[in-house]
Amino acid sequence: MKFANIIVDISLEKLDRTFQYRVPEELQGILKEGMQVRIPFGNGGRTLTGYVLELTDTCEWDEKKLKPILGLAEKGIRLEGQLIALAAWMRRTYGSTMNQALKTVLPVKKSVQEKISRKVRLAVTREEAEAALAEMERKHQTARVRIIKALLEQTVQDMDYAAAQKELGLTAATARKLMELGLIRIESDTIFRNPVRPSEVQAHPFTLYPAQQAIVEDVAARAAAGDLRPSLIHGVTGSGKTEVYMELIAAVLEQGKEAVVLIPEIALTFQTVLRFYRRFGDQVSIIHSKLSAGERYDQFERARRGEVKVMIGPRSALFTPFPRLGVIVIDEEHEGSYKSENAPRYHAREAAIERARMCGAFVVLGSATPSVDSYERTKEGLYRLYELPLRVENRAMPETEVVDLREELRMGNRSIFSARLKELMEDRLRKGEQIMLFLNRRGYAGFVSCRACGHVIKCPHCDVSLSLHHGGRMVCHYCGYQTVQPKKCPSCGSAYIGAFRAGTQQVAEAAAKTFPGARILRMDFDTTRQKGGYERILEAFSKKQADILVGTQMIVKGHDFPGVTLVGALAADLSLYAGDYRAAERTFQLLVQAAGRAGRGTTPGTAVIQTYSPDHYSIETAADQDYKAFFEKEMAFRRMMNYPPAAHLMALYLMSEDEEALNRGAVRLKALAMSHTRQEIALIGPSDAGLSKLKDVYRKVLYLKCTEMNYLTEWKGWLEAVLPKEKQLSTFNIQFDMDPVNPF
DNA sequence: AGCACGCCGACT
DNA sequence: GTCGGCGTGCTC
């Protein structure tokens, strides 16, 4: 192999193409695809790192002009060829540069564990700078004057380098000259994050129930017969899915292959990880987002060398460089955290299926409340469905009661707790049993609803709830439709209409007031901020150091508290009207998972769902714990509105700090989109994003809807090609999101 | 990103 | 004419 196609590792993604280099004698036979190398680049003779994407004998360029590879990069980071192919697939499917895709798949992920920000500041006193400024003004050095003036005008000491580039047109040449003159300094900060330590190991006896055994045997038989379709295990909470995963993994390990287990977030399923440790001992390793670059690299290196056979972690564990990957398990496959929030915005489920396809592995998905997308695929025959409808040891499913909050209001009860919930709480406190209060707050903006009749103001075009923005405007996040907030309920005329807002703090305070003497713990984003915050609160609650645990969705996911016999979902509507098409699905999932927390021990449990919309199908079906009924209703809605999985929805996110420019850009992008669209594609928007401004960056979104994924991918490719030529659009950040899961 | 090249206004 | 800044385009 005489030549190598190399992608240059430059932080700016403008260089999204490969360059060809000569492979020198000393690297013949040593150089492999995926290796990181040192290469000369540009006229200045500077040396950069790059990744070998391909080795070839054909020269696509003037052979005399080819430069040689200088050598291997010091760490000699090596990416499996298969992972390069996966990166290429991700780039194509989800839209990003090859560099971004490679960095997602790479063992060391710069963007996560290391954050560098560059600052510009004056290196001289104000007086000296002013003197220099006068001199420069005399010489008409416009660019330098612009920068120095800006630095003198601002009150803070330093200025963000990226901001200076954007707003002041600071170029590298000007910065260099000013540095040479000693007028400014460029400083960079590096922030590292700390690791957490693993846990102890114990032996553990193991037997499967017949229902579990049947699944294991069938999946194994199908895999042996070459049927590698993904399997979806729909098993109620407490039905023993984890044992099934472990048995399947054990079989794969026996064949000398390896396994990847994806879980939503390490801290949330610590108990699960412990079970894997007990079963497989030190063949198991964990990676998570808090590992440092070195630790993460070491974990992947151990996996490559075969010291580790089972890798557990969040979605990035998917890129573990196992040489003979046999199975990928995705637990809680419906979880939104499997969708990446950065380009490429890949879905770990789809990426896992693609990786498995490449290496002949099989994929096992599991959930008590499968995503509508996955369940629909079992109906289409693309995935194989397995069911575990009963809890192990035939433990009872929790009893569920729905409380109509409109009724409570009519009875004069305006507190957070309904009469029924209060009564049950008193009962549990008397018996010394534990209670979980769950507030499913989600999304960014509040929706507007009537407290008297439960009516929710919806978009007349999109069938999602309108979100309340500042100044009493109600906005649809899909089409941009706007209207003012009514004073009276349009349905019943009541004046009790407004945005629904409540926090865990208010709930904890109300609980303390209503039940004096009860020991209350609160768990939400604020109280878990500090390191180990999660573990501390969960441990305290499991040791029965508290009677009531108040929290957001994080308390309902994956924890087993045998002492809990009552779960209260305080306002189911909070997630129901989040303003995106997946709101009903998320609500159903949250309510079922919450109810599943009750009665995990031997005493049966009760779940109380408080809502203003007791007739909404997601609440009715959650109360009945009837997944199939929910699925049918939800799928009918998706089909009617052409939302995924009935069709594909591609979002284009536009971001800019300049609101005016963004508005103009959005109009231009729409025009551009229309110029190449086809009949099958529906264009929606542009409209404000759900979070229309984040950290001073304005956000807009344009949607493309189409039943054919191929058409959207093709359209995306076209836009990616023409975008660099668009002057008006080149200044802001544009990202693609195929089949978005989480509100933007 | 960083470097060369070439255009264009200002100064001797 | 020359000097030097600033925008543009290219990098195997």
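Residues numbered from 1 in each chain as written. Chains lettered and ligands numbered in written order. Predicted model: local features only at pLDDT ≥ 70, side-chain atom pairs only at ≥ 80, totals over all residues. Heavy atoms only, no water.

Draft legend 1. The overall build of chain A, seen in detail. Looking only at helices and strands, chain A has 24 helices and 30 strands in total. For 744 residues, the compact-globule formula gives about 27 Å, and the C-alpha radius of gyration of chain A, at 28 Å, lands near that figure. Oriented by its inertia axes, the alpha-carbon framework of chain A measures out at about 80 × 65 × 55 Å. Considering chain A as a whole, with its 744 residues, one finds that 55% of them fall into the buried category. Pairs at least 24 residues apart make up 74% of the contacts formed inside chain A by residues separated by at least 6 positions. (Helix = DSSP H or I, 4+ residues; strand = E, 2+ residues; numbered from the N terminus. Rg over C-alpha atoms; globule rule 2.2 N^0.38 Å. Buried < 20%, exposed > 50% of the residue type's maximum accessible area, 1.4 Å probe, protein only. Contact = heavy atoms within 4.5 Å.)

Draft legend 2. Region of the structure containing the pattern of salt bridges. This structure, assessed with the given rule, holds 40 salt bridges. One salt bridge in this structure joins Glu307 and Arg302, with 3.7 Å as the shortest N-O distance. A salt bridge links Asp427 to Arg430; the nearest nitrogen and oxygen atoms lie 3.6 Å apart. With Asp427 and Arg430 both in helix H15 (residues 419-431) and three residues apart, this pair spans about one turn of that helix. Since its relative accessible area comes to 19%, Asp427 is described here as buried. In the salt-bridge network here, residues are joined through shared partners; they are Glu301, Arg302, Arg304, Arg305 and Glu307. (Salt bridge = Lys/Arg side-chain N within 4 Å of Asp/Glu carboxyl O.)

Draft legend 3. Molecular detail of the protein's contact with DNA strand C. In the region of DNA strand C, 15 residues are neighbours, and Arg17, Gln20, Trp61, Lys67 and Ala143 sit closest. When the atoms of DNA strand C within 4 Å of the protein are sorted by group, sugar and phosphate make up 56%. One nitrogen or oxygen atom from the main chain of Thr142 is found 3.3 Å from a phosphate oxygen belonging to DNA strand C. Mapped onto the surface near DNA strand C, the elements with two or more residues apiece are strand E2 (18-22) and helix H5 (142-153). A breakdown of the residues in the surface near DNA strand C according to their chemical character gives seven nonpolar, four polar and four charged. (Near = heavy atom within 4 Å. Polar contact = N/O pair within 3.5 Å; in protein donor to acceptor, adjacent residues only side chain to side chain. Nonpolar A, V, L, I, M, F, W, Y, C, P; charged D, E, K, R; others polar.)

Draft legend 4. Here's a closer look at the UniProt feature "binding site: Zn(2+) 1" (unreviewed entry) in chain A. UniProt tags Cys450, Cys453, Cys489 and Cys492 as "binding site: Zn(2+) 1" (unreviewed entry). Taking the farthest pair of C-alpha atoms as the criterion, the annotated set spanning 43 residues converges on one region, since that pair is 8.6 Å apart. Turning to its location among the elements, Cys489 is positioned in the loop between strand E21 (482-484) and strand E22 (497-499). By secondary structure assignment, the location of Cys492 is in the loop between E21 and E22. (UniProt positions renumbered as here; feature names shortened; annotations may be inferred.)

Draft legend 5. Up close: the sheet that holds strand E15 (residues 384-388). The strand order E11-E12-E10-E13-E14-E9-E15 describes an open sheet built from seven strands, whose pairing is parallel. On the outer flanks of this sheet lie strand E11 (284-286) and E15, each paired with one strand and no other. The sheet shows a mean angle of 20 degrees between the axes of neighbouring strands, direction not considered. One ladder, built from five bridges, connects strand E13 (residues 325-331) with strand E14 (residues 362-367); its direction is parallel. Across the sheet, the residue bridging to Ile330 is Leu365, located in E14. (Pairing = 2+ DSSP bridges. Axes fitted to C-alpha atoms, helices over the stretch in contact; angles between N-to-C directions.)

Draft legend 6. The arrangement of the nonpolar core in detail. Of all hydrophobic cores here, the largest spans 157 residues; its most connected members are Leu102, Ile328, Phe417, Met425, Leu437, Leu652 and Leu719. Excluding its chain neighbours within four sequence positions, the residues that come into contact with Leu652 are Leu669, Lys700, Val701, Leu702, Leu704, Trp715, Leu719, Ile734, Gln735 and Phe736. (Core = buried A, V, L, I, M, F, W, Y, C linked by side-chain atoms within 4.5 Å.)

Draft legend 7. Expanded view of the pairing of strand E25 (residues 564-569). Among the six residues in E25, six count as buried, and that is most of the element. Looking at chain direction, strand E17 (residues 434-438) and E25 are connected through five bridges and run parallel. Within E25, the residue paired with Gln434 across the bridge is Val564. The pairing of E25 with strand E26 (residues 606-611) spans four bridges and is parallel. When the bridges of E26 are listed, Gly568 appears paired with Val608.

Draft legend 8. How the structure looks around the sheet that holds strand E20 (residues 473-475). As summarised here, the arrangement of the three strands in space is E19-E20-E21, forming an open sheet in which the pairing is antiparallel. The open sheet is flanked by strand E19 (467-468) and E21, the only strands paired with a single partner. The pairing of E19 with E20 spans two bridges and is classified as antiparallel. Its bridge partner being in E20, Leu468 is matched across the sheet by Met474.

Draft legend 9. Main features of the side chain of His616. Locating His616 in the fold gives a position in the loop between E26 and helix H20 (617-623). Setting aside residues no more than four positions away along its own chain, His616 makes contact with Leu576, Tyr577 and Ala584.

Draft legend 10. Just helix H4 (residues 126-138), in detail. Compared with the 18 Å implied by 1.5 Å per residue over 13 residues, the 18 Å span of H4 between its first and last C-alpha is a close match. Among the residues making up H4, those that are buried are Ala129, Ala132, Leu133 and Met136. Taken end-on, H4 shows its buried residues confined to a sector of 110 degrees, consistent with a single buried face. Relative to its buried face, H4 has exposed residues pointing more than 90 degrees away, namely Glu127 and Arg138. Phi turns positive one or two residues past the end of H4, at His140, with a value near 55 degrees. (Expected span 1.5 Å × (residues − 1). Arc of directions from axis to C-beta.)

Draft legend 11. Layout of a negative patch on the surface. Side chains of Glu167, Glu657, Asp658, Glu659 and Glu660 sit close together on the surface and give a patch of like negative charge. Here Glu660 lies in helix H22 (residues 659-676). (Patch = residues over 30% accessible without salt bridge, like charges linked within 9 Å, V, L, I, M, F, W, Y side chains within 5 Å. Areas by Shrake-Rupley, 256 points an atom, 1.4 Å probe, with all protein chains shown as cover. Lys, Arg positive; Asp, Glu negative; His and termini not counted. Charge placed at Lys NZ, Arg CZ, Asp CG, Glu CD.)

Draft legend 12. View of the environment of Gln82. Relative to the assigned elements, Gln82 resides in helix H1 (residues 81-95). When the C-alpha atoms of Gln82 and Cys359 are compared, they prove to be 7.9 Å apart, with 277 residues separating the residues in sequence.

Draft legend 13. Looking closely at the packing of helix H8 (residues 210-224) against helix H9 (residues 241-254). Contact geometry for H8 and H9: axes closest at 10 Å, N-to-C directions at 35 degrees. Taken as a pair, H8 and H9 cross one another with a handedness that is right-handed. Here Gln212, Ile215, Val216 and Val219 of H8 lie close against H9, whose contacting residues are Glu243, Val244, Glu247 and Leu248. Among the residues making up the contact of H8 with H9, the classes are represented as five nonpolar, one polar and two charged. (Left-handed = near helix turned anticlockwise from the far one by under 90°.)

Draft legend 14. A look at the packing of aromatic side chains. Evaluation of the coordinates by the stated rule reveals 18 aromatic pairs. Seen in terms of ring centroids, Tyr581 and Tyr643 are 4.8 Å apart; in terms of plane orientation they differ by 15 degrees. Their pairing is stacked. Residue Tyr581 is found in the loop between helix H18 (573-576) and helix H19 (583-596), and its partner Tyr643 is found in the loop between helix H21 (627-641) and strand E27 (648-656); the two are separated by 62 residues along the sequence. Residues Tyr581 and Tyr643 agree in their burial class; the two are buried. Connected via pairs of aromatic rings, a cluster forms that spans Tyr375, Phe588, Tyr617, Tyr627, Phe630 and Phe631. When the ring centre of Tyr386 is taken as origin, the NZ or CZ atom of Arg384, which lies over that ring, is 5.0 Å away. (Phe/Tyr/Trp six-rings, centres within 6.5 Å; stacked < 30°, edge-to-face > 60°. Lys NZ or Arg CZ within 6 Å of the ring centre and 35° of its normal.)

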